[in-house]
Amino acid sequence: MSTWVTGANGFIGRHLVRELAGAGRAVHGVGHGALDPADARALGLQSWINGEVDAANLNALAALHGLPSQVFHLAGGSSVGLSIARPFEDFSRTVTSTARLLEWLRGFAPESQMVVASSAAVYGADHTGPIAESAALAPMSPYGHHKLMMEQLCRSYVQSFGLRCAVVRLFSVYGPELRKQLLWDICSRLKSEQRSLSLGGTGAEIRDWTDVRDVVRLLVRVAEDVRGDDFRLINGGSGRGTRVADIADGLIRNWGSNTVVSYSGVARPGDPASLLAEDGRLRELNFDWRLPLERGLADYVEWFRSQARA
């Protein structure tokens, strides 16, 4: 039996593969992105299929390596903006791929433990303070709607067919190798030695920032607790909120820059003023967040600069 990771070539997927392989797991992946065999082995993958999460590719993995004991499902859309620009593509990557995976597992590996990465985007923009898993769901983008459809599919297959599945709603994941979103944008502008930065919003927006190296430890921990006939939803957040302005200031401080940041005061439509996890279910797992935000920001700046030098 082996461990499979869909979306293993993505930001979180690559970190997860390293975590699993470092623990001695035999890890195999499927998803989008070209990886030659040497690069796949360096990452920690024993095999990689560049293609859709569909029956043909899942059958190919099973024929070569046997049925999976665990499946980490990270494949899917990863951007609100892209989901608005290309909604059907986002639907296919998130909802269709999940339906295909669930149906394949129902037929061939119903005892496999499945951990699915979802998003806090399912909660929408109208919550204040910590958000519990039982909170009302009101996604504001195709990305959020598709993540919610994915969750509902998983719940259906657990309740109807007894599959073993836990869904982790991830909040603001950042860390080395993230090449998009706020941290990447700010560091790119610091690299160009801009003396002033203008960002959208007010800077007072609260987010629950989690380092990807902790997040993959969490996914592995959740997999250890997956049970049959029990659909589990878990917030993958720390329960600690930080202002966007504090993230910007931390990056500038670690960069050693005197750049001044201003804010337009104009928020994007549907952009939450606060997105913070209630972490009670996570504490029941005795999971500990090991990487403080200041260290995470320092590590990100160091990684970014190493890419610029390469």
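Everything numeric in this text was worked out from a predicted model, so none of it was measured.

A. Fine view of helix H3 (residues 55-65). Where H3 is concerned, the buried positions are Asn57, Leu58, Leu61 and Ala62. Down the axis, H3 shows its buried residues gathered within 140 degrees of arc, on one side only. Exposed positions of H3 whose direction lies more than 90 degrees from the buried face are Ala56, Ala63 and Leu64. Considering only its buried residues, H3 is in contact with strand E1 (2-6), strand E2 (27-31), strand E3 (47-50) and helix H5 (87-108). Immediately downstream of H3, the backbone of Gly66 shows phi near 85 degrees, a positive value.

B. Quick peek at the sheet that holds strand E4 (residues 68-73). Taken together, seven strands build an open sheet; the order of strands is E3-E2-E1-E4-E5-E7-E12 and the sheet is parallel. With partners counted over all chains shown, the strands left at the sheet margins are E3 and strand E12 (232-236), one partner each. Shown here is a sheet whose adjacent strand axes are inclined to one another by a mean of 15 degrees, direction ignored. With five bridges joining them, strand E7 (residues 164-170) and E12 adopt parallel strand pairing. If you follow Ala166 over to E12, its bridge partner there is Arg232. Taken strand by strand, helix H6 (residues 142-161) contacts E4, strand E5 (113-119), E7 and E12, and its axis lies near 155 degrees from that of E5.

C. Main features of the sheet that holds strand E13 (residues 242-243). Spatially, E6-E15-E10-E13 is the arrangement adopted by the four strands of the open sheet, whose pairing is mixed. With partners counted over all chains shown, the strands left at the sheet margins are strand E6 (130-131) and E13, one partner each. In this structure, strand E10 (residues 206-207) lies alongside strand E15 (residues 274-277), joined through two bridges in parallel fashion. Looking across to E15, one finds that Arg207 is bridged to Leu275.

D. The arrangement of the pattern of salt bridges in detail. Tallied over the full model, the rule gives 22 salt bridges. Here Glu177 ties to Arg14 by a salt bridge, and the two come within 3.4 Å at their closest N and O atoms. In this pair, Glu177 is assigned in the loop between strand E8 (172-174) and helix H7 (181-191) and Arg14 in helix H1 (residues 11-22), connecting sequence segments 163 residues apart. Asp185 is the salt-bridge partner of Arg189, the closest N and O atoms lying 3.3 Å from each other. Of this pair, Arg189 and Asp185 both sit in helix H7, separated by four residues, roughly a single helical turn. Each of the salt bridges in this network shares a partner with another, and the network as a whole consists of Asp211, Arg213, Arg295 and Asp299.

E. Representation of the packing of H7 against helix H9 (residues 244-255) within the structure. It is the contact of H7 with H9, at a shortest axis distance of 10 Å, that shows an interaxial angle of 40 degrees. Judged on the interaxial angle alone, H9 and H7 are oblique. Like other packed secondary-structure pairs, H7 and H9 cross with a definite hand, here right-handed. Across the interface between the two elements, Leu182, Leu183, Ile186, Cys187, Leu190 and Lys191 of H7 pack against Val244, Ile247, Ala248, Leu251, Ile252 and Trp255 of H9.

Each value, and the rule that gives it
- Residues numbered from 1 in each chain as written.
- Predicted model: local features only at pLDDT ≥ 70, side-chain atom pairs only at ≥ 80, totals over all residues.
- Heavy atoms only, no water.
- Buried < 20%, exposed > 50% of the residue type's maximum accessible area, 1.4 Å probe, protein only.
- Helix = DSSP H or I, 4+ residues; strand = E, 2+ residues; numbered from the N terminus.
- Arc of directions from axis to C-beta.
- Contact = heavy atoms within 4.5 Å.
- Pairing = 2+ DSSP bridges.
- Axes fitted to C-alpha atoms, helices over the stretch in contact; angles between N-to-C directions.
- Salt bridge = Lys/Arg side-chain N within 4 Å of Asp/Glu carboxyl O.
- Parallel < 35°, antiparallel > 145°, perpendicular 65-115°, else oblique.
- Left-handed = near helix turned anticlockwise from the far one by under 90°.

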